[in-house]
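These are the residues of each chain, in order.
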Amino acid sequence: MVQREIKSKIKVYATAAILLAVVLVGTIYTITTPTVLYTLTGASPLKTFSSVDELKSFLTVNTQSDAAGYFGGGPLDAQRSNAALEGSSFGIKTPAPAPQGPAGAVTSTSESLGYSTTNVQVAGVDEADIVKTDGQYIYTLNENYTAEPTTTVYIVKANSPASVVGEINFDISTSCAGMFLSQNGNKLAVLGSKYSNNVYLPMPIGGTIGLTYDYYANSVKSFIYTYDVTDKANPTLTRNLTLSGSYFNSRMINNYVYTVVSQPAYLNNDTVILPQLCSGAESKEIAPTDIYYTDMQDNSFSYTTFAGVNIMDDSEAHTDMTIMMGGTSNMYVSSSNMYVTFPDKTGEGTEIYRVAINNADLTFAAQGVVSGYVLNQYSMDEYNGNFRIATTVSTGSWMNRDQHNNLYVLNMDLGVVGKIENLAQDERIYSARFVGDKAYLVTFKQTDPFFVLDLTNPTSPKVAGELKIPGYSSYLHPYNENYIIGIGKENNTVKLSLFDVTDMNNPTEIAKTIIGQDADYSDSIALYEPKAFMFDPQKQLLVIPVSITNYGYYPEPAVPDSKTRDGNGSSIAPRAPEDSAKSSYVSETTNWIGAYVFNVSPANGFTLKGEVTHQDNADSLNWYSNMAEGIQRSLYIGNTLYTISNNRVQLNNLQDLALVAKVNLP
């Protein structure tokens with residue numbers, strides 16, 4: 001058999017690379033001894049390669065496609081590539097949708113702490129974000145739009161008076177994904193990727209210099225930097241763990257931070273490229289005998305390395321584990337199991353692997369398969385000894401496509417025990433949420449069918465109720481067990497809905513508000529980034545970033561006359577009178593960017609408390625000001641609302657939104 005040589009030069013495309021094993025790392029925080037992987041009935045065996053030659057042979061025989069070696073990259077790679085195409089190395093982040101919380105974890109805040117925290121998937125399992133707080137200081141990861149853009153962590157004293165007291169700077173080759181803050185506020189972990197082979201090109205955006213690049217995929221390195229921030233004015237780097245590969249995601253449980261990185265597995269001139277790891281001055285290459293794999297074929301393979309560090313104890317050795325897998329998609333984790341999904345060989349089904357968790361031991365427990373593909377982690381859940389998963393089936397050509405949706409209930413052996421199939425023909429899932437023995441799905445084509453699924457009997461799940469309304473919801477967040485908040489779009493504007501699901505057979509939309517109803521367009525990063533969705537049910541408080549756009553119009557005269565000539569005699573279109581109808585000729589746009597602050601309750605629906613903006617001059621809005629002044633996150637400490645943009649941290653009174661202070665970021 002002719003050995004296939006996989007190309008070593010791999011261009012990172014701006015594809016939405018799905019986060020592999022995001023939750024896995026958050027579940028192995030107690031590992032201080034080598035992880036134990038067992039083979040049980042129903043599970044494919046996990047084993048390691050005996051030698052480099054065996055690994056080389058595996059890649060040669062089992063890589064099926066001529067596109068072997070293609071690697072989509074991680075979310076930071078896609079973000080960096082997109083920004084380069086837009087003329088800047090940085091921009092407002094557009095990550096893959098972040099995980100929602102489990103049943104019962106319906107808030108991103110902690111009333112008992114007196115301040116809000118990151119909206120996370122599982123209570124007690126923190127997720128990296130660009131803003132963190134301990135109630136006294138705010139840490140914000142900001143992108144500076146200069147000729148050579150850099151990234152800076154600003155440490156901001158929250159009050160008395162609020163001010164920047166320290167900072168950590170990163171150079172142009174670094175893209176930071178987010179941060180973790182220790183429980184005592186004395187240690188900060190920053191995670192991200194470093195790139196090489198940067199090529200600078202002049203870009204016609206405000207006279208600045210943009211960044212583009214083409215690089216070997218194995219030139220990307222991901223890192224966990226741990227800082228002692230006891231002295232806020234002088235943060236000190238205390239640990240540097242660097243791994244070859246693209247950053248995918250990370251978690252923190254108690255004092256342990258874990259990251260997941262992936263890199264393509266390929267041959268370069270008949271040489272096997274292996275993952276590498278560097279801790280401080282010590283470095284090592286991951287040996288084939290330490291790389292786990294299963295017998296399978298795929299279009300391409302990648303090394304996925306899990307690494308964890310104790311950010312409170314720099315003397316404790318890090319942990320790492322590498323698995324070679326094919327094209328992965330999503331993962332969901334419960335308190336005792338993690339579920340990894342893969343597209344099957346046909347591309348029309350999803351393979352599921354369950355790994356049981358027991359402190360330091362990870363036990364490979366079961367394998368199963370269902371029809372369709374998984375949208376994201378919201379589409380999976382474990383409850384009362386069963387695993388539930390919602391999928392969309394999409395087959396045929398783009399001109400003649402068959403599309404429908406399924407929900408499967410599987411037991412712990414990952415055998416299907418109940419199912420609903422062929423739901424919402426010719427539509428696909430836009431959002432999903434499981435809460436106890438109910439599931440909520442939103443599908444979309446022209447209207448927004450909001451489905452309530454009754455999973456009380458796992459062997460006989462059924463559609464309990466359906467509600468058709470305009471638009472769609474891309475994120476569902478439980479208000480409590482009887483009400484669900486949806487955020488999405490209707491036409492070109494942001495829509496908030498409050499669904500009453502008390503009677504699962506008759507769901508109703510009891511409240512709805514359109515943001516920018518009279519505008520031409522409105523948007524919110526909370527549509528795709530739940531960490532920007534700040535909700536507190538005790539305070540009945542909802543804050544989301546918002547942008548609103550209006551277009552100016554000129555009518556196009558059929559026959560220009562002398563009154564419509566410029567100084568050079570060229571015909572121009574005169575400005576339309578105020579009562580003139582809009583034409584197709586757009587002259588100028590005006591934008592408002594900021595945050596909307598709502599009170600929300602079943603009794604009163606959505607009540608707009610007010611708006612907060614970081615715009616200093618609305619007439620000068622352009623690409624730069626949108627990037628710099630757009631609000632990315634919000635939080636509260638006590639009775640103060642803090643909104644964070646790349647320009648500043650702004651303080652407003654939480655009761656009447658009166659301005660308290662502005663902390664400008666250098």
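**Notes on the overall build of the protein chain**
- Across its full length, the protein chain holds four helices and 48 strands.
- Within the protein chain, the fraction of its 666 residues that count as buried is 57%.
- Taking all contacts inside the protein chain whose residues are at least 6 apart in sequence as the whole, residues at least 24 apart take part in 58%.

**As for the pattern of salt bridges**
- Enumeration according to the criterion identifies 16 salt bridges in this entry.
- Notably, a salt bridge pairs Lys-187 with Asp-314, separated by 3.1 Å at the nearest N-O pair. Within this pair, whereas Lys-187 is found in strand β10 (residues 187-194), its partner Asp-314 is found in the loop between β22 (301-310) and β23 (319-325), the two being separated by 127 residues in sequence.
- Salt-bridge contacts for Asp-320 lead to Lys-284; the nearest nitrogen and oxygen are separated by 3.5 Å. Placement of the pair is Asp-320 in strand β23 and Lys-284 in strand β20 (residues 282-285), with a sequence separation of 36 residues.
- Take Lys-284: its relative accessible area is 39%, and that puts it in the partly exposed class.
- Here the salt bridges do not stand alone but share partners, grouping Asp-129, Glu-529 and Arg-633 into one network.

**Quick look at unusual backbone geometry**
- Pro-161 follows Ser-160 through a cis peptide bond whose omega is -20°.
- Within the secondary structure, Pro-161 is located in the loop between β7 (150-157) and β8 (163-170).
- The backbone of Leu-414 shows a phi angle near 60°, a positive value even though the residue is not glycine.
- Tracing the sequence through the fold places Leu-414 in the loop between β30 (401-410) and β31 (416-423).
- For Ala-424, which is not glycine, the phi dihedral falls at a positive 55°.
- Following the sequence through the fold, Ala-424 ends up in the loop between β31 and β32 (428-435).
- For Ala-424, a relative accessible area of 15% gives the class buried.

**Examining the pairing of β20**
- As defined by bridge partners, strand β19 (residues 276-279) adjoins β20 across four bridges and the pair is classed as antiparallel. Bridging from a neighbouring strand, Cys-278 pairs with Ser-283 of β20.
- Counting the residues that bridge the hairpin from β19 to β20 gives two residues, and of these Gly-280 lies at a positive phi of roughly 65°.

**Section: the nonpolar core**
- The biggest cluster of nonpolar side chains holds 31 residues, and the ones touching the most others in it are Ile-138, Val-153, Phe-170, Leu-188, Val-190, Tyr-642 and Val-649.
- No other element matches the four residues that β7 contributes to this core.
- When residues no more than four places from it in sequence are discounted, the contact partners of Leu-188 are Tyr-139, Val-153, Ile-168, Met-179, Phe-180, Leu-181, Tyr-225, Thr-226, Tyr-227 and Val-229.
- One finds Tyr-479, Ile-487, Leu-527 and Phe-598 within the second-largest nonpolar core, a separate group that totals 26 residues.

**Some remarks on the packing of aromatic side chains**
- Tallied over the entire structure, the rule returns 18 aromatic pairs.
- Ring centres of Phe-49 and Phe-58 lie 5.6 Å apart, and the angle between their planes is 70°; this geometry places the pair in the edge-to-face category. Neither Phe-49 nor Phe-58 differs from the other in exposure class; each is buried.
- Where Tyr-596 meets Phe-598, the ring centres are 6.0 Å apart and the plane angle is 50°; that geometry is what we call tilted. The exposure classification of Tyr-596 matches that of Phe-598, with both residues buried.
- Taken together, the ring pairs connect Phe-49, Phe-58, Tyr-293 and Phe-301 into an aromatic cluster.
- One cation-aromatic arrangement involves Lys-539 over Tyr-636; the distance from NZ or CZ to the ring centre is 4.8 Å.

**A word on the environment of Leu-608**
- Residue placement: Leu-608 occurs in strand β44 (residues 605-612).
- A relative accessible area of 41% means that Leu-608 is categorised as partly exposed.
- In the structure, Leu-608 is positioned 66 residues away from Leu-542 in sequence and 9.5 Å away in space, judged by C-alpha atoms.
- Contacts of Leu-608, omitting those with residues within four sequence positions, involve Tyr-596, Val-597 and Phe-598.

**A word on the sheet that holds β8**
- Strand order in the open sheet formed by four strands is β5-β6-β7-β8, and the pairing between neighbours is antiparallel. Looking at the sheet topology across the chains shown, the edges are occupied by β5 (131-133) and β8. Going from strand to strand, the sheet's axes swing by 20° on average, the running direction of each strand aside.
- Sheet topology note: the strand β6 (residues 137-144)/β7 ladder contains eight bridges and is antiparallel. Counted as the bridge partner of Glu-143 is Thr-151 from β7.

**Quick notes on the confidence of the model for the protein chain**
- When pLDDT is averaged along the protein chain, the result is 79, and 74% of the positions lie at 70 or above.
- Contacts from residues 558-580, a stretch scored under 50 in pLDDT, to residues over four places away or in other chains number 21 contacts.

**Structural notes on the sheet that holds β31**
- The strand order β28-β29-β30-β31 describes an open sheet built from four strands, whose pairing is antiparallel. Looking along the sheet, the strands with just one partner apiece sit at the ends: β28 (380-383) and β31. On average, adjacent strands in this sheet sit at an angle of 20° to one another, irrespective of strand direction.
- Two strands pair when backbone bridges link them, and β30 and β31 are joined in this way by five bridges, in the antiparallel orientation. Each bridged residue has a counterpart across the sheet, and for Leu-407 the counterpart in β31 is Ile-420.

**Details of the side chain of His-404**
- Here His-404 lies in strand β30.
- Of the polar contacts made by the side chain of His-404, one reaches the side chain of Asn-422; its length is 3.3 Å.
- For His-404, the residues in contact, after removing those within four places along its chain, are Thr-391, Thr-392, Val-393, Asn-422, Leu-423, Ala-424, Gln-425 and Glu-427.

**Some words on the environment of Gly-74**
- Mapped onto the fold, Gly-74 is located in the loop between α2 (52-62) and α3 (75-85).
- For the pair formed by Gly-74 and Ser-193, sequence separation is 119 residues and the distance between their alpha carbons is 9.7 Å.

**Section: α2**
- Among the residues of α2, those classed as buried are Leu-55, Lys-56, Phe-58, Leu-59, Thr-60 and Asn-62.
- Its buried side turned inward, α2 meets β16 (256-265), β17 (267-268), β18 (271-272), β21 (291-293), β22 and β23.

**Looking at the pairing of strand β47 (residues 648-653)**
- Of all six residues in β47, five are buried, a share of seventy percent or more.
- Relative to β47, strand β46 (residues 640-644) is paired through five bridges, and the arrangement is antiparallel. Among the inter-strand pairings, Thr-640 is bridged to a residue of β47, identified as Asn-653.
- Taking the residues between adjacent antiparallel strands as the criterion, β46 and β47 are bridged by three residues.
- Judged from the five bridges that link them, β47 and strand β48 (residues 659-664) form a sheet pairing that is antiparallel. Paired with Leu-651 across the strands is Ala-661, a residue of β48.

The rules behind the values
- Residues numbered from 1 in each chain as written.
- Predicted model: local features only at pLDDT ≥ 70, side-chain atom pairs only at ≥ 80, totals over all residues.
- Heavy atoms only, no water.
- Helix = DSSP H or I, 4+ residues; strand = E, 2+ residues; numbered from the N terminus.
- Buried < 20%, exposed > 50% of the residue type's maximum accessible area, 1.4 Å probe, protein only.
- Contact = heavy atoms within 4.5 Å.
- Salt bridge = Lys/Arg side-chain N within 4 Å of Asp/Glu carboxyl O.
- Pairing = 2+ DSSP bridges.
- Core = buried A, V, L, I, M, F, W, Y, C linked by side-chain atoms within 4.5 Å.
- Phe/Tyr/Trp six-rings, centres within 6.5 Å; stacked < 30°, edge-to-face > 60°.
- Lys NZ or Arg CZ within 6 Å of the ring centre and 35° of its normal.
- Axes fitted to C-alpha atoms, helices over the stretch in contact; angles between N-to-C directions.
- pLDDT = per-residue confidence, 0-100.
- Polar contact = N/O pair within 3.5 Å; in protein donor to acceptor, adjacent residues only side chain to side chain.

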